[in-house]
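Here is what each chain is made of, one letter per residue.
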Amino acid sequence: MKTLLATALCLGLTACASPGVEQYKAETPVLDLRTYLNGTVDGWGMFQGRSGEVKKRFHVVIDARWEGDTGVLDEHFQWSDGSTSRRVWTLTRQPDGTYRGRADDVIGEATGNALRWRYVLALPVDGRTYHVDFDDWMFLMDGQVMMNRSYMSKWGFRLGEVTLTFVRRPGS
């Protein structure tokens, strides 16, 4: 019985493991944040709760500028409930090609390479602020479109996910 329980536990933990970013290394097109996130980018997305129900939709306009290996992403959100918010990211390309990111409502730094970011976000909900873990995955579809899927959790429990499509504006 103990062996059966241990086997079931191991299988359960393996099933929860997420794919590593390394498996996408040879995929094209190659995502270079300094190229794609430069100029004005629009994004349309939604937040879904654990059950899959769409809780909120949004549009974000990102003004992105780079100076050398440092970029600033000034994000302006318009939410489906009429509210607005703003997040300003400062990204720094590291010597090994990865990126680090900071924003006022991000606890610590977002780290990862061009495809995956992990960070803790100070998320305001109904007058309270919760520190929520984000696991962001970004996939460049072509020179204009990038898809983003973020998984939100707290203490290892899934809270929901954000699905987002970015489109670079012509001339950006």
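As the structure is a prediction and not an experimental result, all values here were calculated from the model.

What follows covers the pairing of strand S8 (residues 128-140). Along any regular strand, the residues point their side chains to alternate faces of the sheet. Across ten bridges, strand S7 (residues 116-125) lies against S8 in antiparallel orientation. Across the sheet, Leu121 pairs through a bridge with Val132, a residue of S8. Linkage of S8 to strand S9 (residues 145-154), two consecutive antiparallel strands, is achieved through a turn of four residues.

The subject of this paragraph is the packing of aromatic side chains. Applying the stated criterion across every chain, the model contains eight aromatic pairs. Centroid distance Trp89 to Tyr119: 5.4 Å. Interplanar angle 80°. Geometry classified as edge-to-face. Linking Trp89 in strand S4 (residues 84-93) with Tyr119 in strand S7, this pair joins segments that are 30 residues apart in sequence. Aromatic side chains Trp137 and Phe139 sit 6.2 Å apart centroid to centroid with 10° between the ring planes, which places their arrangement in the stacked category. Classification of Trp137 as buried rests on a relative accessible area of 6%. For Lys154, the ring lying beneath its charged end belongs to Trp155, and the centroid distance is 4.8 Å.

A few words on the sheet that holds strand S1 (residues 39-49). If you walk around this closed barrel you meet the ten strands as S1-S2-S3-S4-S5-S6-S7-S8-S9-S10, and the pairing is antiparallel. The sheet shows a mean angle of 25° between the axes of neighbouring strands, direction not considered. With ten bridges joining them, strand S2 (residues 54-67) and strand S3 (residues 70-79) adopt antiparallel strand pairing. Looking at S3, one finds that Asp63 is bridged to Asp74.

Residue position: Asp135 is located in strand S8. On the basis of relative accessible area, Asp135 is assigned to the buried category, the value being 15%. At 2.7 Å, the side chain of Asp135 forms a polar contact with the side chain of Arg116. Polar side-chain contacts of Asp135 include one of 3.5 Å to the side chain of Trp137.

What follows concerns the environment of Ala122. Counting through the fold element by element, Ala122 comes out in strand S7. For Ala122 and Val106, which are 16 residues apart along the polypeptide, the C-alpha to C-alpha distance reads 6.1 Å. Ignoring sequence-local partners within four residues, the contact set of Ala122 consists of Asp105, Ile107, Thr129, Tyr130 and His131.

Here we take up the environment of Val30. Within the secondary structure, Val30 sits in the loop between helix H1 (2-16) and helix H2 (33-36). A residue is classified by how much of its surface remains accessible, and Val30, at 64% relative accessible area, is exposed. Considered as a pair, Val30 and Leu140 are 110 residues apart in the sequence and their alpha carbons are 7.2 Å apart.

The tally for this structure, following the rule as stated, stands at 15 salt bridges. Arg87 is the salt-bridge partner of Glu75, the closest N and O atoms lying 3.8 Å from each other. Linking Glu75 in strand S3 with Arg87 in strand S4, this pair joins segments that are twelve residues apart in sequence. There is no split in this pair, since Glu75 and Arg87 are both buried. For Arg87, the salt bridge goes to Asp105, with nearest N and O atoms at 3.0 Å. Of the two residues, Arg87 sits in strand S4 while Asp105 sits in the loop between strand S5 (99-102) and strand S6 (106-112), which places them 18 residues apart along the sequence. Relative accessible area serves as the criterion here: at 17%, Arg87 is assigned to the buried category.

To continue, consider the confidence of the model for the chain. On average, residues of the chain score 85 in pLDDT, and 83% of them are at 70 or above. Of the regions scoring below 50 in pLDDT, residues 1-17 engages in zero contacts with residues more than four places distant in sequence or in other chains.

Conventions and cut-offs
- Residues numbered from 1 in each chain as written.
- Predicted model: local features only at pLDDT ≥ 70, side-chain atom pairs only at ≥ 80, totals over all residues.
- Heavy atoms only, no water.
- Pairing = 2+ DSSP bridges.
- Helix = DSSP H or I, 4+ residues; strand = E, 2+ residues; numbered from the N terminus.
- Phe/Tyr/Trp six-rings, centres within 6.5 Å; stacked < 30°, edge-to-face > 60°.
- Buried < 20%, exposed > 50% of the residue type's maximum accessible area, 1.4 Å probe, protein only.
- Lys NZ or Arg CZ within 6 Å of the ring centre and 35° of its normal.
- Axes fitted to C-alpha atoms, helices over the stretch in contact; angles between N-to-C directions.
- Polar contact = N/O pair within 3.5 Å; in protein donor to acceptor, adjacent residues only side chain to side chain.
- Contact = heavy atoms within 4.5 Å.
- Salt bridge = Lys/Arg side-chain N within 4 Å of Asp/Glu carboxyl O.
- pLDDT = per-residue confidence, 0-100.

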